[in-house]
Amino acid sequence: MNRFTFLAILLLLSGCAKRETPVETGNREKILHLGNLSEPKDLDPHVVTSVSAGNVISALLEGLVAEAPNDPSLKPVPGVAESWTVSDDRTVYTFRLRANAKWSNGDPVTADDFVFSYHRILSPAMGSPYAYMLHLLKNGRAYNLGTIPDFEQVGVKAIDSKTLELTLENPTASFLSQLKHWSWFPVHPPTILKYGRMDEIGTAWTQPGNFIGNGPFILKAWRQNQSIVVQKNPLYWDADTVSLNEIRFYPIGDHKIEERSFRAGQLHVTGTVPLDRVQYYRENKPELLRLDPYLRSYYYLLNVKKAPFNDVRVRKALAMAIDRKKIANFVTRSGEQPAYSFTPPFIGSYKPPMLFSTDVEAARKLLAEAGYPNGENFPATTLLYNTSDLHTRIAEVVQQMWKDNLGIDIELENVEWKVYQERRKNRLYDIARAEWVADFADPSSFLDVWLTDGGNNHAGWSSARYDDLLKQAASTDDSSEQNALYAQAETILIGEQPIIPLLFLPSKSLIQPSVKGWNPSILDHHPYKYIRLEE
């Protein structure tokens, strides 16, 4: 064998050597690669509403309470607050902050930081879509709506640098659970003010190099529509528990591309599973597939400010002409449940009322009464949804059902995520696909969406009676009384039909065997500080 032949063989062998995948490298270097489905609009906890943004924010910031790694009850555990006490009338909560809680620049986390943060999200000028979460605080709603101009009257007080007192309007059994949501997370006051006013949105404070957080990770890089990278925060109070050195979030909106990335060893965990791949994994690789119960409601929004959807008969006809069981059994086929309410039927002891069913004859009669017999003269209508195989398939089936059952022709409009968000928020649609994921495990997390002043109420619908019933429910911690009030409120919501409930969706994901600590959760929350990777 001459020297050239020998070199050629060496080159061939080196070319045949298996290259290490990102997952294999990540297992060794403790870098978690996650599919995150969509590009976050922002990383400001007082501005964002999307799950994709919340997934990143939960790595960068921490609230007063946190979540245990594997507790189906979702009982709150100490976070920034190491302990708390509750007054006898259950309206005053006093939190003791950890002495070693620090911001990522070394500043101590103080009670005044929380006062500033809650003042910020409730500021009327900010227009936070989640401000209503803090209406639980005494005078929180009044200040947020501008009725009370002085924030000193709101139930937020720093007793000293490490003691925070929160006073509620009424006893609220779910209060501690609600504190786990990012709307209650603190922001770093000097950083906010360095880049703008307290109530200014869209400033540069959330950019890499500027973001100061108090969570287990630090924002390292953000390449728009490519990835967000966070790295371990050495100043986090519980840094010794954190096993991961880095997390990389990928906004892969195409579910098929995401699944191929998983198979190629580029992702540890996917954000979902394509419809036509679920059965394959069930039959061939069940150890990689996770289908878990999830508090997630999939529905269609109707623009009730626009004809013909300002007529409740039209709204009811559209709802009753859809066969949800066919969609669940023959289209999605991943454990989805037909939905006839907005609230899932498995939140504690609450059982939502079932006020309608698929009834094509009744739907036709209602549509005729509204002036559109057999769909005649029904105005041109468009169904808006964001790019997704799931949304497309459901929309196509519903489009055909409305055609077959009501004689209505609906146009489908598929747009990218940010365009969809803006149009839905500004009510630039006829009918729009939507879904709601619970912020905490309580019916109010769903029903509060439709409050008249709710920042996520994009249907244009309101009901004074509905608002009053939820206000009554928030003023009692008697679960039986609360459930009865919730049921009355939901009866009004579904009776007026500003939305069309379609399905309750499970959490779907593919998970590499090397990922440990990714436990089932009805909120699909997975505290990153407890996640570890094995080679």
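Residues numbered from 1 in each chain as written. Predicted model: local features only at pLDDT ≥ 70, side-chain atom pairs only at ≥ 80, totals over all residues. Heavy atoms only, no water.

Quick word on the confidence of the model for the protein
The predicted model of the protein averages 94 in pLDDT, with 97% of residues at 70 or higher. Low pLDDT, under 50, characterises residues 1-16; the stretch is placed with two contacts to residues that sit more than four places away or in other chains. (pLDDT = per-residue confidence, 0-100. Contact = heavy atoms within 4.5 Å.)

Looking at helix 16 (residues 464-474)
By the burial criterion, the buried members of helix 16 are Tyr 466, Asp 467, Leu 469, Leu 470 and Ala 473. For helix 16, the angular spread of the buried residues around the axis is 165 degrees, confining them to a single face. The outward face of helix 16, more than 90 degrees from its buried face, is lined by the exposed residues Ala 464 and Lys 471. On its buried face, helix 16 is in contact with helix 15 (444-447) and helix 17 (479-496). (Buried < 20%, exposed > 50% of the residue type's maximum accessible area, 1.4 Å probe, protein only. Helix = DSSP H or I, 4+ residues; strand = E, 2+ residues; numbered from the N terminus. Arc of directions from axis to C-beta.)

Topic: the sheet that holds strand 15 (residues 410-415)
Read from one edge of the open sheet, six strands run 13-17-12-16-14-15, paired in mixed fashion. Edge positions in the sheet fall to strand 13 (337-338) and strand 15, since each of these pairs with one other strand and no more. Bridge count for strand 12 (residues 296-302) against strand 16 (residues 431-437) is seven bridges, and the pairing is antiparallel. When the bridges of strand 16 are listed, Ser 297 appears paired with Trp 436. (Pairing = 2+ DSSP bridges.)

Quick look at the sheet that holds strand 8 (residues 217-223)
If you trace the four strands from one edge of the open sheet to the other, you get 1-10-9-8, paired in mixed fashion. Lying at the two open borders of the sheet, with one neighbouring strand each, are strand 1 (31-35) and strand 8. The average undirected angle you get between the axes of adjacent strands in this sheet is 20 degrees. For strand 9 (residues 227-232) and strand 10 (residues 246-250), the ladder comprises four bridges, and the chain directions are antiparallel. Its bridge partner being in strand 10, Val 229 is matched across the sheet by Arg 248. (Axes fitted to C-alpha atoms, helices over the stretch in contact; angles between N-to-C directions.)

So, the packing of aromatic side chains
Tallying each qualifying case throughout the model produces 25 aromatic pairs. Consider the rings of Tyr 143 and Phe 151, whose centres lie 5.3 Å apart with planes at 70 degrees: the pair is edge-to-face. Phe 151 carries the same exposure label as Tyr 143, and that label is buried. Between Phe 342 and Phe 446 the ring centres are 5.6 Å apart and the planes differ by 80 degrees, which places this aromatic pair in the edge-to-face class. One end of the pair, Phe 342, is in the loop between strand 13 and helix 12 (360-369); the other, Phe 446, is in helix 15, and 104 residues separate them in sequence. According to the relative accessible area criterion, Phe 342 is buried, its value standing at 0%. Cluster of aromatic residues (ring-pair linked, three or more members): Trp 84, Tyr 93, Phe 95, Phe 114, Tyr 118, Phe 175 and Trp 184. A cation sits over an aromatic face here: Arg 98 above Trp 237, 3.5 Å from the ring centre. (Phe/Tyr/Trp six-rings, centres within 6.5 Å; stacked < 30°, edge-to-face > 60°. Lys NZ or Arg CZ within 6 Å of the ring centre and 35° of its normal.)

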